Amino acid sequence: MTPLARKRLAKYGLNAGAIAVFLFAVFPVYWMVATAFKPNDEIYTTEFMPVPLSPTLDHVERVFTKGVAGHSIWEYLLNSAIVAVTTVLVGAVFALLAATAVARFRFRFRTSFLVLLLIVQMVPAEALLIPLFLMVRRLGMYDQLIGLIVVNIGLTLPFSVWMLRTFVAAVPKDLEEAAWIDGATRFTTFWKVLFPLVAPGLVATSIFSFITAWNEFVFALTLINETSNYTMPRALSFFIGQRSTDWGGIMAASTLMTIPVLVFFLLVQRRMVSGLVAGAVKG
Amino acid sequence: MSPKLVPYALLIPGLIVIAALLLYPLFQMVVMSFQKVGLKQIRPKNPVPAEWNDFENYTTVLQSDLFWTSLRNTVVFAVVTGALTLVVGTLVGLLLNRLGRAMSTVVVVGIMAAWAVPPTSQAIIWKWLFDADSGIINWALNLLPDWLSSLVFGRSDWSGQPWLNEPLTIYLVLVMAVLWASFPFVAVSVLAGLKSIPSELYEAARVDGSTGIGTFRKITFPLLKPVFSVLIVLQIIWDFKVFTQLFLIAGGTNMPREAFNLSLWSYIEAFSPPPDMGLGSAIAVVLTVVLLLITFVYVRQIVKAEDVR
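Since the model is a prediction, treat every value here as computed from it, not as a measurement.

## Some points on the overall build of chain A
A count of helices and strands for chain A gives 12 helices and zero strands. When the helices and strands of chain A are listed from N to C terminus, the series reads α-α-α-α-α-α-α-α-α-α-α-α. Dimensions along the principal axes, computed over C-alpha positions, put chain A at roughly 75 × 75 × 35 Å. Within chain A, the proportion of its 283 residues that are buried is 54%. Contacts spanning at least 24 positions in sequence make up 69% of the contacts within chain A whose residues lie at least 6 apart. Element-wise, carbon and sulfur atoms account for 66% of the exposed surface of chain A, whose accessible area totals about 12,900 Å². Charged side chains of chain A number 22 positive and 15 negative; the gap between the two group centres comes to 16 Å.

Below you can see the structure in the form of structure tokens.
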């Protein structure tokens, strides 16, 4: 074989591999969306129906009007949004304060605090289920969204601080010093100089927390009882308990839950890697 | 405020949250693992104070046959899924690095879609793919020529084949679901690492007559070692405590007991009637200790690499 032919063959091989990877990754997602738009006789069949032949909005409509477990899916989407957004807003304030402390100041216990942040991230949240359940109940927050919000803030904070501190550290100190010399107060310096520059990092960190809280299932399963307080993941799991599964409905609901995460993912994909792999990847 | 106190003031809200929602519960979990905490102790009206029962919970855990099955399920699942994820992810990362710009973007967006799917949906999608009657996997297996299918699997008719009744096949579906959702992260991380390796190194290797596998072993792998060690530990953390996907794929609280892993077993003991939160806590302690021992390496690596000091 000539070198040129071999090179061309290698190129074909690579592209074939790329297509295989793409299909493996995308097909299950496509299948979820396709099933959501198929009429029942195209879903419950032993034939292969690659595309919805007579696409229908029945399932989407049904999960909104008739709903799941007695409530329209609007209510679950709203509950999920309330939990995720409140978690993000409160968490962002706490995280920004703590991140500023570790990135801008040298003080005793700074190293200890950072190591503590790392270690608590290693503790499996599933292990804290029992004590947190008892605590939430003692505080009278059982079966209320506020209980979920409190738990989610705790679960997301360590990572938020860890990620945000690199963004704060990246803002040149000279800018703040210049503002100081010009007579700005500490608060003005923070609000007018540091905050605008850290804002993009704050957005990225917030998206992370949002996804975590939006996807959270284990605590929603344990801390919520009334169906009217279900979040989306909890409502989806309700389908699973049924004797015969309504695949059209579940896929419609699942698609609706996935869309916001997908959008946010594409927005922060780059930071995703650098945030998680921390110092290991230099580049 | 004295400037010395500023950082402490900034830290207080965050510290309170971490102490109240992570450290205190951790402490509570350890305490409860040495206590009898049943229905009488947790009922809302006049609860009985929890009694110390020394190591009774731990002896119950160790003597239960569920301990060995769930420990085995936890460890084998984490090792198999972790290894598969790393191998597939690395191969895809290497592939992405050699693709043209347009093709690489398309594949990255594609794998991003798999990565973005919430755990609840991951479980539901793969349950649907492996559905006994209308699942596409059974349809695809039926397409295999009969002789091949009987040779490999010992059967040729896959119609109505249930996958989610016994532990082994439940875990097969679970491995697929988790692998599918987690290889993209490895691939993108490896790609980021590869991009940071100077191309001169590869040119020098080529001039010296090194071939594909040799170059990977001598240049790529050593340079990406820090990335791999972080990825390995992250995969272990994630795969060790898998709960949502297993819970949903195996059918919720009614799942076969032989399919429990440690976190599910702890949950079932603590929250299924009759609740035994002391026993549940003891199982959770075992899970946490095992995980912390493994991740200690990761923490040290990061403390060394980052400017923690």
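## Here's the deal with the UniProt feature "transmembrane region" (unreviewed entry) in chain A
Under the present numbering, the feature "transmembrane region" (unreviewed entry) in UniProt falls on residues 12–33, 76–101, 113–133, 145–164, 193–214 and 247–268 of chain A. As a span, residues 193–214 of chain A carries 100% helix and 0% strand, and end to end its C-alpha atoms are 32 Å apart.

## Some thoughts on the interface of chain A and chain B
Each partner contributes to the interface: chain A provides 95 residues, whereas chain B provides 98 residues. Between chain A and chain B, the buried area comes to about 8,600 Å², and carbon and sulfur atoms account for 81% of it. Looking at the side of chain A facing chain B, the largest losses of area belong to Phe24, Met122 and Ile130 of chain A, adding up to 8% of the total buried there. The interface formed by chain A and chain B includes zero salt bridges. Taken together, the links from chain A to chain B amount to six residue pairs in polar contact (both at pLDDT 80 or more).

## So, a nonpolar patch on the surface
All names here are of chain B. Taken together, the side chains of Trp147, Leu151, Val152 and Phe153 make up a nonpolar region of the molecular surface, amounting to roughly 510 Å² of accessible area. Among the structural elements, valine 152 can be located in helix α8 (residues 146–153). Taking relative accessible area as the criterion, valine 152 reaches 54% and is therefore assigned exposed.

## Brief notes about the pattern of salt bridges
All names here are of chain A. The tally for this structure, following the rule as stated, stands at two salt bridges over all chains. Its salt-bridge partner being glutamate 176, residue arginine 104 comes within 2.8 Å of it at the nearest N-O pair. Pair noted here: arginine 104 is in helix α4 (residues 73–104) and glutamate 176 is in helix α8 (residues 173–181), with a separation of 72 residues, a long-range link. Comparing arginine 104 with glutamate 176, the two get one shared label, buried.

## Describing the environment of proline 233 of chain A
Assignment of secondary structure puts proline 233 of chain A in helix α11 (residues 232–241). For the pair proline 233 of chain A and alanine 253 of chain A, spaced 20 residues apart in sequence, the C-alpha separation works out to 9.6 Å. Beyond its immediate chain neighbours, meaning those up to four positions away, proline 233 of chain A contacts Ser80, Trp214, Asn215, Glu216, Phe217 and Met257 of chain A together with Thr120 of chain B.

## Topic: the packing of aromatic side chains
Each aromatic ring pair is described using two quantities: the centre-to-centre distance and the angle formed by the ring planes. Considering all chains together, one arrives at 38 aromatic pairs over all chains under this definition. An aromatic cluster of at least three residues, connected via ring pairs, comprises Phe133, Tyr142 and Phe217 of chain A together with Phe243, Phe247, Tyr267 and Phe271 of chain B. Geometry around tryptophan 31 of chain A places lysine 38 of chain A over its ring, the cationic atom sitting 3.9 Å from the centre. Above the plane of the ring of tryptophan 158 of chain B lies arginine 155 of chain B, whose end atom (NZ or CZ) is 4.8 Å from the centre.

## Remarks on helix α5 (residues 110–122) of chain A
Across its 13 residues, α5 of chain A extends 19 Å between first and last C-alpha, which sits within 8% of the 18 Å expected from 1.5 Å per residue. Taken together, the buried positions of α5 of chain A are Arg110, Phe113, Leu114, Leu117, Leu118, Val120 and Met122 of chain A.

## So, the nonpolar core
Judged by nonpolar contacts, the single largest core of 188 residues is most densely connected at Leu96 and Ile111 of chain B. When residues of this core are assigned to their parent elements, the largest contribution, 18 residues, is made by helix α9 (residues 167–195) of chain B. When residues are assigned to domains, this core turns out to be shared by domain 1 (3–56) and domain 2 (62–277) of chain A, each giving three or more. If we skip the residues at most four places from it in the chain, leucine 96 of chain B touches Ser104, Val107, Val108, Ile111, Ala187 and Leu191 of chain B.

## Some words on the side chain of threonine 244 of chain B
Relative to the helices and strands, threonine 244 of chain B resides in helix α12 (residues 244–249). With relative accessibility at 9%, the residue threonine 244 of chain B sits in the buried group. Setting aside residues no more than four positions away along its own chain, threonine 244 of chain B makes contact with Phe217 and Val218 of chain A together with Pro119 and Thr120 of chain B.

## Notes on unusual backbone geometry
In this model, proline 273 of chain B is joined to proline 274 of chain B through a cis peptide bond whose omega is -5°. Within the secondary structure, proline 274 of chain B sits in the loop between α13 (262–271) and α14 (277–305). A positive phi angle, close to 60°, is found at aspartate 143 of chain A, a residue other than glycine. For aspartate 143 of chain A, the location among the structural elements is in the loop between α6 (129–138) and α7 (145–170).

## Comments concerning the side chain of aspartate 143 of chain A
Residue and element names in this part refer to chain A. The charged side chain of aspartate 143 is buried without a salt bridge, its nearest counter-charge being arginine 234 at 8.7 Å. There is a polar contact of 3.0 Å between the side chain of aspartate 143 and the backbone nitrogen of glutamate 226. Excluding anything up to four places from it in sequence, aspartate 143 contacts Leu223, Ile224, Asn225, Glu226 and Asn229.

## Description of the domain arrangement of chain A
All names here are of chain A. According to the domain assignment, chain A consists of domain 1 (3–56) and domain 2 (62–277). The C-alpha-based centres of domain 1 and domain 2 are spaced at 33 Å. With six residues of domain 1 at the interface, the matching set in domain 2 holds nine residues. For the pair domain 1 and domain 2, the two sides together bury roughly 610 Å², of which 71% comes from carbon and sulfur. When residues of domain 1 are sorted by the area they lose upon contact with domain 2, Met32, Ala36 and Tyr44 head the list and together hold 66% of the total. Scanning the region where domain 1 abuts domain 2 turns up zero salt bridges. Inspection of the domain 1/domain 2 interface yields two residue pairs in polar contact (both at pLDDT 80 or more). Per-element tally for the side of domain 1 that touches domain 2: the top contributor is helix α1 (residues 3–36), with four residues. Among the residues forming the side of domain 1 that touches domain 2, the class breakdown is five nonpolar, one polar and no charged.

What counts and how
Residues numbered from 1 in each chain as written. Chains lettered and ligands numbered in written order. Predicted model: local features only at pLDDT ≥ 70, side-chain atom pairs only at ≥ 80, totals over all residues. Heavy atoms only, no water. Helix = DSSP H or I, 4+ residues; strand = E, 2+ residues; numbered from the N terminus. Buried < 20%, exposed > 50% of the residue type's maximum accessible area, 1.4 Å probe, protein only. Contact = heavy atoms within 4.5 Å. Areas by Shrake-Rupley, 256 points an atom, 1.4 Å probe, with all protein chains shown as cover. Lys, Arg positive; Asp, Glu negative; His and termini not counted. Charge placed at Lys NZ, Arg CZ, Asp CG, Glu CD. UniProt positions renumbered as here; feature names shortened; annotations may be inferred. Buried area = accessible area lost by both parts, 1.4 Å probe. Salt bridge = Lys/Arg side-chain N within 4 Å of Asp/Glu carboxyl O. Polar contact = N/O pair within 3.5 Å; in protein donor to acceptor, adjacent residues only side chain to side chain. Patch = residues over 30% accessible without salt bridge, like charges linked within 9 Å, V, L, I, M, F, W, Y side chains within 5 Å. Phe/Tyr/Trp six-rings, centres within 6.5 Å; stacked < 30°, edge-to-face > 60°. Lys NZ or Arg CZ within 6 Å of the ring centre and 35° of its normal. Expected span 1.5 Å × (residues − 1). Core = buried A, V, L, I, M, F, W, Y, C linked by side-chain atoms within 4.5 Å. Domains from an automatic or database assignment. Nonpolar A, V, L, I, M, F, W, Y, C, P; charged D, E, K, R; others polar.

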